[in-house]
Amino acid sequence: MKRIAVIPNYTKDPDKKYTKLLCQFLQGKAKVVMNPEYRAEGILAEYQVDIYTETDAVIVLGGDGSMLQAAEPCGKNKIPVMGINLGKVGFMTEVEVCDMESACYKLLSGDYELENRMMMDVCVSSSSGEASFLALNDAVIGKKDACMIGMEIYANNGKISEYLADGLIISTPTGSTGYSLSAGGPVSDPVLDLYIATPICAHTLSARPMLLSPKKDIELKLNEKGKNEATLTVDGIDKCTITKNDIIKIQKSKYSLKLIKLGKQSFYYTMMAKL
């Protein structure tokens, strides 16, 4: 019997209606585990703190934000993830609520494919030490107030560009349909391996998005042309403050997210349908 971890969303499913339906359907067909914080909801499941140990699959109910929260533990534990869309767009949450039962049948019978999504390691080196983060979507250096920031970007220690802008997005192919797209970046097939560097409201006509090789180490740092502080955001979560003496290094991670793909439609079909 498969062991399946279910991750609900408080905002998208406040009364746990869809979570309960999912767990009821899985009852007797798989061992369903959930975090103990949901014990009082009356959901048919086993409860334990570590839901990722010896787990065969994770089902996330929500939108792409919910998938991003599950990406790091699932990536590190090599657990495939299926998303049930309770959000608005949902590029990573392939299954709609009306198809939840049929999707579970396919999952339990092994009638699916796995799609590997590149992840990246984001390391900040400062005078106080180092901090590392794992990103599925993007890493963003953004301004802290109304003043623009000056940034330089390097590949294998060679300077390739500099910007005076509101910020800079380094995106994976998965993140190309997120913040990077809104800032004018290109859309990428999510199974490719590359970085997309997209400036945010750059104060120059020559600033354009760039595609960068993940085989090269990318380094970012602030320069003297703008504000001396910025904020680092990874997958939509503020992580730390960056100063001119800090270096942000980005490398392709050894981890990847394994997405469970049930349908035959292409990424581009999904993109046109959703956008």
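For the structure itself, consult the block above.
The sections below set out a description of the structure shown in this document. Note that the coordinates shown come from a computational prediction; the quantities given were computed from them, not determined experimentally.

1. Remarks on the sheet that holds strand 16 (residues 229-234)
Pairing within the open sheet is antiparallel, and its 6 strands lie in the order 14-13-12-9-16-17. Looking along the sheet, the strands with just one partner apiece sit at the ends: strand 14 (210-212) and strand 17 (237-243). In this sheet, neighbouring strand axes are inclined to one another by 20° on average, regardless of whether the strands run parallel or antiparallel. The pairing of strand 9 (residues 138-143) with strand 12 (residues 167-171) spans 5 bridges and is classified as antiparallel. Residue Asp-138 lies in a different strand from strand 12, and its bridge partner there is Ser-171.

2. Some thoughts on the environment of Tyr-112
As for its position among the elements, Tyr-112 is in the loop between helix 3 (100-109) and strand 7 (113-126). Remark: the alpha-carbon pair of Tyr-112 and Leu-259, spanning 147 residues in sequence, is separated by 9.9 Å. For Tyr-112, the residues in contact, after removing those within four places along its chain, are Lys-2, Lys-106, Leu-107, Ile-260, Lys-261 and Leu-262.

3. Description of unusual backbone geometry
For Lys-78, which is not a glycine, the phi torsion comes out positive at approximately 55°. Inspection of the secondary structure assignment puts Lys-78 in the loop between helix 2 (64-76) and strand 5 (81-85). One non-glycine residue with positive phi stands out, namely Asn-156, at about 50°. Relative to the elements of secondary structure, Asn-156 occurs in the loop between strand 10 (149-155) and strand 11 (158-165). Look at Asn-156 and you get partly exposed, because its relative accessible area is 45%.

4. Thoughts on the pattern of salt bridges
Applying the stated criterion to the full structure yields 11 salt bridges. Between Arg-117 and Glu-115 there is a salt bridge, with its nearest N and O atoms 2.8 Å apart. Overall, Arg-117 belongs to the buried group, its relative accessible area being 5%. Through salt bridges with shared partners, a single network forms among Glu-152, Lys-159, Glu-162 and Lys-225.

5. Quick word on the packing of helix 1 (residues 17-26) against helix 3
What describes two packed helices is the angle between their axes and the distance between those same axes. Interhelical geometry of helix 1 versus helix 3 gives an angle of 40° and a closest axis separation of 11 Å. By the criterion of interaxial angle, the relationship of helix 1 to helix 3 is oblique. Viewed along their axes, helix 1 and helix 3 form a crossing whose handedness is right-handed. Between helix 1, through Tyr-18, Leu-21, Leu-22, Phe-25 and Leu-26, and helix 3, the contact on the second element is made entirely by Met-100, Glu-101, Cys-104, Tyr-105 and Leu-108.

6. As for the pairing of strand 18 (residues 247-261)
Where strand 7 lies against strand 18, 12 bridges are found, and the strand directions are antiparallel. The residue of strand 18 that forms the bridge with Val-122 is Ile-250. Pairing of strand 15 (residues 218-222) with strand 18 involves 3 bridges; the strand directions are antiparallel. Each residue of the ladder has a partner; that of Glu-219, found in strand 18, is Lys-249.

7. Concerning the packing of aromatic side chains
Counted according to the given criterion, the structure contains 2 aromatic pairs. Stacked on the ring of Phe-25, the Lys or Arg Lys-29 has its end atom at 4.4 Å from the ring centre.

8. Focus: helix 2
Helix length check: helix 2 (13 residues) gives 19 Å between terminal C-alpha atoms against 18 Å at 1.5 Å per residue, within 8%. At Ala-70, helix 2 is deflected by roughly 40°, the largest bend along its length, and proline Pro-73 occurs up to four residues later in sequence. Looking at the buried residues of helix 2, the elements they touch are strand 1 (2-7), strand 4 (57-62), strand 5, strand 7 and strand 18. The positive-phi residue at the C-terminal boundary of helix 2 is Lys-78, with phi of around 55°.

Basis of the calculations
Residues numbered from 1 in each chain as written. Predicted model: local features only at pLDDT ≥ 70, side-chain atom pairs only at ≥ 80, totals over all residues. Heavy atoms only, no water. Pairing = 2+ DSSP bridges. Helix = DSSP H or I, 4+ residues; strand = E, 2+ residues; numbered from the N terminus. Axes fitted to C-alpha atoms, helices over the stretch in contact; angles between N-to-C directions. Contact = heavy atoms within 4.5 Å. Buried < 20%, exposed > 50% of the residue type's maximum accessible area, 1.4 Å probe, protein only. Salt bridge = Lys/Arg side-chain N within 4 Å of Asp/Glu carboxyl O. Parallel < 35°, antiparallel > 145°, perpendicular 65-115°, else oblique. Left-handed = near helix turned anticlockwise from the far one by under 90°. Phe/Tyr/Trp six-rings, centres within 6.5 Å; stacked < 30°, edge-to-face > 60°. Lys NZ or Arg CZ within 6 Å of the ring centre and 35° of its normal. Expected span 1.5 Å × (residues − 1). Bend = angle between axes of the 7 residues up to and from the residue.

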